[in-house]
Amino acid sequence: MHQNLSVTQPIVTVRNLSVMRGEYLAVDNVSFELLPGTHTAIIGPNGAGKSTLIKSILGLLEARAGEISLFNCTGKQSKRFKQEIGYIPQKFSFERTFPLTVSELVGLGLNSKQWWYSSKQKREKIYQALEQVHLTKQAQQKIGTLSGGELKRVLLAYCLVVPRRLLVLDEALAGVDATGEMEFAALLHNLKQEQNWTILEVSHDLDLVSKYCDSVICMNRRLLNQGLPSTTLTPENLLHIYGSLVSPTCHHHEPSQLPESF
Ligand SMILES: Nc1ncnc2c1ncn2[C@@H]1O[C@H](COP(=O)(O)OP(=O)(O)OP(=O)(O)O)[C@@H](O)[C@H]1O
């Protein structure tokens, strides 16, 4: 168990949070709590403010109003827990010539708390993290030459190389192939079950959300619904959220035919 971890105290508390993007109110008066060892998905249509919300939680964007508490601390105090949070952003890329290999990048995840590890122990930790995401063969490859899905796996390995209390994922599975997607989801499930990690992820994959998440936050600038997948992912709620009929089992639409004049 992590130090100071109580099973009842929320890991994250968001109270009446509002966040601007330029002149636009992207998050409007949102409140919720995340309990330790839970997996929560944030869902909503494009532009609903999901990334804005998680970036505010991570301290990457300033709030216009409201309060965010991480591990029971607010403001600057919560910054000391930075190393206990893993984050995979929605968009990132590296120049092809970026001079860092996969194992070097994952090794950067070994932070100051692991200063006493020997070089051998560090190599073992990095190898174990890469093994979990099936990328040991790419260990010496330059990160700028990886595919989009491989790069996402490397970032997950970076998060896995040390214990985290909170893992924040912004569409982390986008670009990961079907097998990788299931493995990724199962891995997150194990981290939650066996190591009590708290997971907050933005996802458009309602099948995986209904299968793996304990709780769903539905938003479109404002919080629309929050609760168990079985009570939030109902046809009525999804119609309200997305404005059209989607369901956890039928949201992969067939590509529509282009009009002849296109
Ligand atoms: N830097 C910016 N300046 C102005 N508006 C912005 C900026 N960044 C984002 N926005 C707007 O804020 C709104 C919320 O964006 P955000 O990225 O949080 O949405 P999202 O729910 O994560 O969307 P998606 O599912 O498409 O990733 C969008 O309408 C977006 O166009």
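Residues numbered from 1 in each chain as written. Predicted model: local features only at pLDDT ≥ 70, side-chain atom pairs only at ≥ 80, totals over all residues.

Q: Give a detailed account of the environment of arginine 21, specifying residues and quantitative values.
A: Within the element layout of this structure, arginine 21 appears in strand E1 (residues 12-21). Separated by 153 residues in the primary sequence, arginine 21 and alanine 174 have C-alpha atoms spaced 24 Å apart. Leaving out residues up to four positions away in the same chain, arginine 21 has contacts with Ala26 and Thr52. (Helix = DSSP H or I, 4+ residues; strand = E, 2+ residues; numbered from the N terminus. Contact = placed C-beta atoms within 7 Å.)

Q: Provide a residue-level description of the pairing of strand E10 (residues 222-227), including the pertinent values.
A: As paired strands, strand E9 (residues 215-220) and E10 are joined by five bridges and run antiparallel to one another. The partner of methionine 219 across the bridge, within E10, is leucine 223. Counted along the chain from E9 to the antiparallel partner E10, the turn is one residue long, and its residue arginine 221 has a positive phi close to 70°. (Pairing = 2+ DSSP bridges.)

Q: Lay out the site of the ligand in plain terms, naming residues and giving numbers.
A: Not every one of the 13 residues close to the ligand is listed here, only the nearest: Arg21, Gly22, Asn46, Ser51 and Thr52. Elements supplying a minimum of two residues to the shell around the ligand: strand E2 (24-34) and helix H1 (50-57). Taken together, the residues that form the shell around the ligand break down as three nonpolar, eight polar and two charged. (Near = placed C-beta within 6 Å. Nonpolar A, V, L, I, M, F, W, Y, C, P; charged D, E, K, R; others polar.)

Q: Account for the nonpolar core, naming residues and giving values.
A: Core analysis: the largest hydrophobic core is formed by 66 residues, its most contacted members being Val106, Val154, Ala157 and Val168. A total of eight residues in this core trace back to one element, the largest contributor, which is helix H4 (residues 148-160). Once you skip the residues sitting within four places of it in the chain, valine 168 turns out to touch Ile54, Ile57, Leu58, Ile85, Gly86, Tyr87 and Leu200. (Core = buried A, V, L, I, M, F, W, Y, C linked by C-beta atoms within 7 Å. Buried ≥ 20, exposed ≤ 12 C-beta atoms within 10 Å, placed from the backbone.)

Q: Report on the pairing of E1, specifying residues and quantitative values.
A: Pairing between E1 and E2: seven bridges, direction antiparallel. The residue bridging valine 14 from the neighbouring strand is phenylalanine 32, located in E2. Count of turn residues in the E1/E2 antiparallel hairpin: two residues, of which glycine 22 carries a positive phi of about 60°. Taken together, the five bridges between E1 and strand E4 (residues 65-70) define a ladder with antiparallel strand orientation. Counterpart to valine 12 in the pairing with E4 is leucine 70.

Q: Could you give an account of helix H5 (residues 178-195), naming the residues involved and the relevant values?
A: Over its 18 residues, H5 runs 25 Å from end to end, which matches the ideal 26 Å to within 8%, given 1.5 Å per residue. Along H5, the residues classified as buried are Phe184, Ala185, Leu188, Leu191 and Lys192. Considered in projection along H5, the buried side chains sweep an arc of 115° and stay on one side of the axis. Those residues of H5 that are exposed and aimed more than 90 degrees away from the buried face are Ala178, Thr179, Ala186, Asn190, Gln193 and Glu194. Packed against the buried residues of H5 are strand E3 (39-43), H4, strand E8 (198-202) and helix H6 (206-212). (Expected span 1.5 Å × (residues − 1). Arc of directions from axis to C-beta.)

Q: Talk me through the confidence of the model for the chain; I want residue IDs and the actual numbers.
A: Considering every residue of the chain, the mean pLDDT works out to 85; 89% of them sit at 70 or more. Here residues 1-5 is modelled with pLDDT under 50, and outside its nearest four sequence neighbours on either side it reaches five contacts, counting other chains as well. Overall fold confidence for the complex sits at a pTM of 0.86, while the interface term, ipTM, reaches 0.97. (pLDDT = per-residue confidence, 0-100.)

Q: Provide a residue-level description of the environment of serine 210, including the pertinent values.
A: As for its position among the elements, serine 210 is in helix H6. Take serine 210: there are 18 C-beta atoms within 10 Å of it, and that puts it in the partly exposed class. The spacing of serine 210 and leucine 233 is 23 residues in sequence and 7.6 Å in space, taken between C-alpha atoms.

Q: Which residues make up unusual backbone geometry, and what are the values?
A: Within the chain, asparagine 29 stands out as a residue other than glycine whose phi angle is a positive 55°. Assignment of secondary structure puts asparagine 29 in strand E2. Judged by local crowding, asparagine 29 falls into the partly exposed class, with 14 C-beta atoms found within 10 Å. Even without a glycine there, the phi angle at phenylalanine 71 is positive, about 50°. Inspection of the secondary structure assignment puts phenylalanine 71 in the loop between E4 and strand E5 (73-74). The exposure class assigned to phenylalanine 71 is buried, which follows from the 22 C-beta atoms found within 10 Å.

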